[in-house]
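Listed below are the residues making up each chain.
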Amino acid sequence: MNWPHSKSPLGGAFEEPEHDGMHRLGPMQRISIPRRRFRDEDVVDYVIVGVGSAGGVLLQRLARAGFDVVGFEAGPFWDTERDWVSDEAGSHNLYWNDLRIIGGKDPLALGSNNSGKGVGGGSVHWAAFTPRFHPSDFEVYTRDGVGADWPIDYEDIEPYYELLEQEMPVAGPAWYPWGKPHGHPYAPHPMGAVGDALITGCTRLGIGVSAGGPVAILSASRGDRPHCIYRGFCIQACKVGAKASTLITHVPDALKHGAEIRDTSMVSRIEIGKDGRATGVHYFDAEGREHFQRARCVIVSGYAIETPRLLLNSACPGHERGLANSSGTLGKYLMAQAGNVILGRFEELIRMYKAPPAHALTEEFYETDPTRDFARGFAIQTVGPLPIAFAKQMMAAKGQWGWGLRRSMMDYNHWAAFGLLGEILPWADNTVELATGANEKDRFGLPVARVSFNLHENDKRLIEFGKNKTMDVMRAAGAVEVVQEQRFAHLVGAARMGKSPHDSVCDKFGRTWDVDNLFVMDGSVMPTQGSANPGLTIQSLAARTADYLISNHSAIQSGAKRSLEEPGIRKTLSPPGTFRSGIPHLR
């Protein structure tokens, strides 16, 4: 049969999208990005290195408080309509894919699930699960004799959890029983088939389970952000704008209040003056030209690998082992969470893409149980791998290739996936260092990170138990075949906070012990990691540090004695619309 042939597309020739000079952050959200405000010779109040989960919140808070603040971001300032695609492979540039060297007995796979590059950082491609840490997470050593204690208690961060849950906002059950029980500002999401499977499996085994969250995805429209349309592209960035990321929740408000973001700008080194204080940052612009931005205070928010890398690359006389490293702990105690994916095949259709990957979980196994042979615990969560990720999991779990893999791919709609999220303890031999090979440098000639990771006996026992328990739940849900892929999730640590300059990089507000006007604030400051996704905790810590900086700005600038007093929460600094009500819970 001869089909009619047309030389032009049906409906007419393609046209360029209409340009109105605005930057698009979703189908409804548009912002104007101001031209560069500050010159290199200007001395700004704050420079923030990395505009991701923590950096985005800090940028917004400090700008609203009236400070001159510049955020540096190695990646681009995303225009979500132009730069993002609804395609799994086409989303690869959301991640930090630059060269890194990995090693150790259990090397980490770096890239897609544990790092981001671009304004919004990892919050652009997180699944948006937002459980809080438990009170026990802040005193792991005291309770269990392993790991470390935090220099803060749950009560110090609790008001920031409540505030950030409203700013994102978080959808979830009205009553969440684990840790310190609490509710959520938005009602939970409806269940997809993966969530139904988790609920069914847990219920049949007598395990408590949370349905519909907690997750930072809109279950109802709010302002210029539409509600979720349940198409499953959360971790490939959300073109809809329903999923929270600092790119759409905090950065627009930061720009409105005078903040400047220099994207595609790679900070290479922090400069220390003769008085021992930070004076600014050296950076390369998009064309590879080197500049120096002067600042009264520098905040590093580059996350668990790039933060220690920058501090190590900033070694100078008096700080020969790297900045803020007099304790020798910089780069040590890197953590990843156990992230095994358990897949089950069901006779009925599942269609994993027809819901957010994150919409149901259980924390019944979160705490240390003396009847088990390991300390700490794990959570079980829904995940929703799209076909490319599913193919990789089938290859790892079943060793499939060729026709066998093709048959599994054709069967994709019958599979469900649960994620084990387990607490791996902080160990000194899990490290971020500078690579020393002649070819182990980035395009600016800077040494890249060398990341070494090893599982210890407690970690191995926890993973084995958690993996088997999750497979039990999958079978109880009705799966006729259950397989699993071992992997890791979420990086944190390597610039830990603590109570003493002898065993930590920074104090409880992220202020480094060695340089008074140098702060670290991101997931790298965490002494332990719990079995909760770290995103909410990172943003809550950043909001708390912003309050500290605002309260102590003059003292920090003058070099006055360090204060460790809690600053008090400033709810007036929240983005507009934060306290707008969501869809009500049924009680």
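In this text the structure is predicted, and so the values were computed from the model without any measurement.

Another aspect to go through is the UniProt feature "domain: Glucose-methanol-choline oxidoreductase C-terminal" (unreviewed entry) in the protein chain. Under the local residue numbering, the UniProt record ascribes the feature "domain: Glucose-methanol-choline oxidoreductase C-terminal" (unreviewed entry) to residues 428-542. Secondary structure across residues 428-542 divides into 24% helix and 18% strand, with the first and last C-alpha atoms of the span separated by 25 Å.

Before going further, it helps to spend a moment on the packing of helix α5 (residues 193-205) against helix α11 (residues 457-476). Two elements in contact, α5 and α11, have axes whose closest approach is 7 Å; the angle formed by their N-to-C orientations is 100°. One element, α5, and the other, α11, form an angle in the roughly perpendicular class. Residue-level inspection shows Leu198, Gly201, Cys202, Arg204 and Leu205 of α5 in contact with α11, the latter providing Asp472, Val473 and Ala476. Here the residues of the contact of α5 with α11 are counted per class, giving five nonpolar, one polar and two charged.

Across a sheet, strands are paired by hydrogen bonds formed along the backbone, either parallel or antiparallel in direction. Pairing in this open sheet of three strands is antiparallel, and the strands run β8-β9-β10 from one edge to the other. The strands lining the two open edges of the sheet, one partner per strand, are β8 (266-272) and β10 (290-294). Going from strand to strand, the sheet's axes swing by 25° on average, the running direction of each strand aside. When strand β9 (residues 278-284) meets β10, the two strands line up antiparallel, connected through five bridges. The residue of β10 that forms the bridge with Val281 is Gln293.

A few words now on the sheet that holds strand β4 (residues 69-72). What the five strands build is an open sheet, ordered β7-β4-β3-β11-β21; its pairing is parallel. The open sheet has two edge strands, β7 (260-262) and β21 (518-520), and neither has a second partner. With direction set aside, neighbouring strand axes in the sheet form an average angle of 20°. The sheet contacts of helix α1 (residues 53-64) involve β3 (46-49), β4, β7 and β11 (298-300), and relative to β3 the element is tilted by about 165°.

Moving on: the side chain of Gln484. Mapped onto the elements, Gln484 comes out in strand β19 (residues 481-485). A polar contact is formed between the side chain of Gln484 and the side chain of Asn340, at a distance of 2.9 Å. Other than its neighbours up to four places away in sequence, Gln484 contacts Asn340, Val341, Ile342, Ala397, Lys467 and Met471.

Scanning the entire structure with this criterion turns up 35 salt bridges. Taken together, the salt bridges that share partners define one network made up of Asp137, Asp144, Glu367, Arg376 and Glu423.

Mapped onto the present numbering, the UniProt feature "domain: Glucose-methanol-choline oxidoreductase N-terminal" (unreviewed entry) falls on residues 114-320. With 26% helix and 13% strand, the stretch residues 114-320 has end C-alpha atoms that lie 29 Å from each other.

Turning next to the pairing of strand β13 (residues 341-345). In terms of residue burial, β13 counts as a mostly covered element, since five of its five residues are buried. Neither face of β13 is exposed, since Val341, Leu343 and Arg345 on one face and Ile342 and Gly344 on the opposite face are all buried. Sheet analysis places β13 next to strand β16 (residues 415-422), joined by five bridges and oriented antiparallel. The residue of β16 that forms the bridge with Gly344 is Ala416. Here five bridges tie β13 to β19, and the two strands are oriented antiparallel to one another. Paired with Leu343 across the bridge in β19 is Val483.

It is worth spelling out unusual backbone geometry at this point. Cis geometry marks the peptide bond from Met168 to Pro169; its omega dihedral reads -15°. With respect to the helices and strands, Pro169 occurs in the loop between α4 (154-167) and α5. The linkage connecting Gly213 with the following residue, Pro214, adopts the cis geometry, with an omega of 10°. Considering the arrangement of structural elements, one finds Pro214 in the loop between β6 (210-211) and α6 (246-249).

With that settled, the discussion passes to the side chain of Thr528. One can find Thr528 in the loop between β21 and α12 (535-551). For Thr528, a relative accessible area of 0% translates into the label buried. In terms of polar contacts, Thr528 uses its side chain to reach the backbone carbonyl oxygen of Asp137, at 3.1 Å. Within the structure, Thr528 has its side chain in polar contact with the side chain of Trp150 (distance 2.8 Å). Setting aside chain neighbours within four positions, we find Thr528 in contact with Phe133, Asp137, Val140, Ala148, Trp150, Met335, Glu423 and Pro426.

Inspection of the entire model under this criterion finds 18 aromatic pairs. Taking 4.6 Å as the distance between ring centres and 55° as the angle between the ring planes, the aromatic pair formed by Phe72 and Tyr283 counts as tilted. Of this pair, Phe72 sits in strand β4 while Tyr283 is found in strand β9, placing the two residues 211 residues apart along the sequence. There is no split in this pair, since Phe72 and Tyr283 are both buried. Centroid distance Phe390 to Tyr412: 5.2 Å. Interplanar angle 75°. Geometry classified as edge-to-face. Pair noted here: Phe390 is in helix α9 (residues 387-398) and Tyr412 is in the loop between α10 (402-410) and β16, with a separation of 22 residues, a long-range link. Its relative accessible area of 7% is what places Tyr412 among the buried residues. Above the ring of Trp96, the side-chain terminus of Lys117 is found at 4.7 Å from the ring centroid. In this arrangement the basic side chain of Arg496 is found over the ring face of Tyr333, its NZ or CZ atom lying 3.8 Å from the centre.

Among the structural elements, Ser112 can be located in the loop between β5 (101-103) and α3 (140-144). Residues Ser112 and His125, spaced 13 residues apart in sequence, show a C-alpha to C-alpha distance of 8.5 Å. Look past the residues within four positions of Ser112 in its chain and what remains in contact with it is Tyr95 and His125.

Quick look at the environment of Thr80 now. Examined against the element boundaries, Thr80 turns out to sit in helix α2 (residues 80-83). Residue classification places Thr80 among the buried positions, given a relative accessible area of 1%. When the C-alpha atoms of Thr80 and His257 are compared, they prove to be 22 Å apart, with 177 residues separating the residues in sequence. What Thr80 contacts, discounting residues up to four positions off in sequence, is Arg24, Leu25, Gly26, Lys239 and Leu247. Within polar-contact distance, the side chain of Thr80 engages the backbone nitrogen of Gly26 at 2.9 Å.

About the criteria used
Within each chain, residue numbers correspond to sequence positions counted from 1 in written order. Residue-level local features of this predicted model are given only where pLDDT is at least 70; pairs of side-chain atoms are given and counted only at 80 or more, and the full residue set underlies all totals for whole chains, interfaces and linings. Neither water nor hydrogens contribute to the side-chain values; these are computed over all heavy atoms in the structure. UniProt positions are given in the numbering used here, feature names are shortened, and annotations may be inferred rather than shown by experiment. Secondary structure elements follow DSSP: runs of H or I of four or more residues count as helices, runs of E of two or more count as strands, with numbering from the N terminus. Axes here refer to lines fitted to C-alpha atoms; in helices the fit is confined to the stretch in contact. Angles between the N-to-C directions go from 0 to 180 degrees. Any angle between 65 and 115 degrees counts as roughly perpendicular, while under 35 counts as roughly parallel, over 145 as roughly antiparallel, and the rest as oblique. Contacts were defined at the residue level, with two residues in contact if any of their heavy atoms lie within 4.5 Å. Classification used: nonpolar for Ala, Val, Leu, Ile, Met, Phe, Trp, Tyr, Cys and Pro, charged for Asp, Glu, Lys and Arg, polar for all others including Gly. Here, a strand pair is defined by DSSP locating no fewer than two bridges between the strands. Nitrogen and oxygen atoms within 3.5 Å of one another constitute a polar contact, given that in protein one can donate a hydrogen and the other can accept it, and given that sequence-neighbouring residues count only through two side-chain atoms. The term salt bridge refers to a side-chain nitrogen of Lys or Arg lying within 4 Å of a carboxyl oxygen of Asp or Glu. Burial classification: accessible surface area is computed with a 1.4 Å probe over protein chains only, and a residue below 20% of its type maximum counts as buried, one above 50% as exposed, and the rest as partly exposed. We call Phe, Tyr and Trp rings a pair once their centres come within 6.5 Å, taking the six-membered ring for Trp, and we label the pair stacked below 30 degrees between planes, edge-to-face above 60, and tilted otherwise. Geometrically, a charge over a ring is one whose NZ (Lys) or CZ (Arg) sits within 6 Å of the ring centre while staying within 35 degrees of the ring normal.

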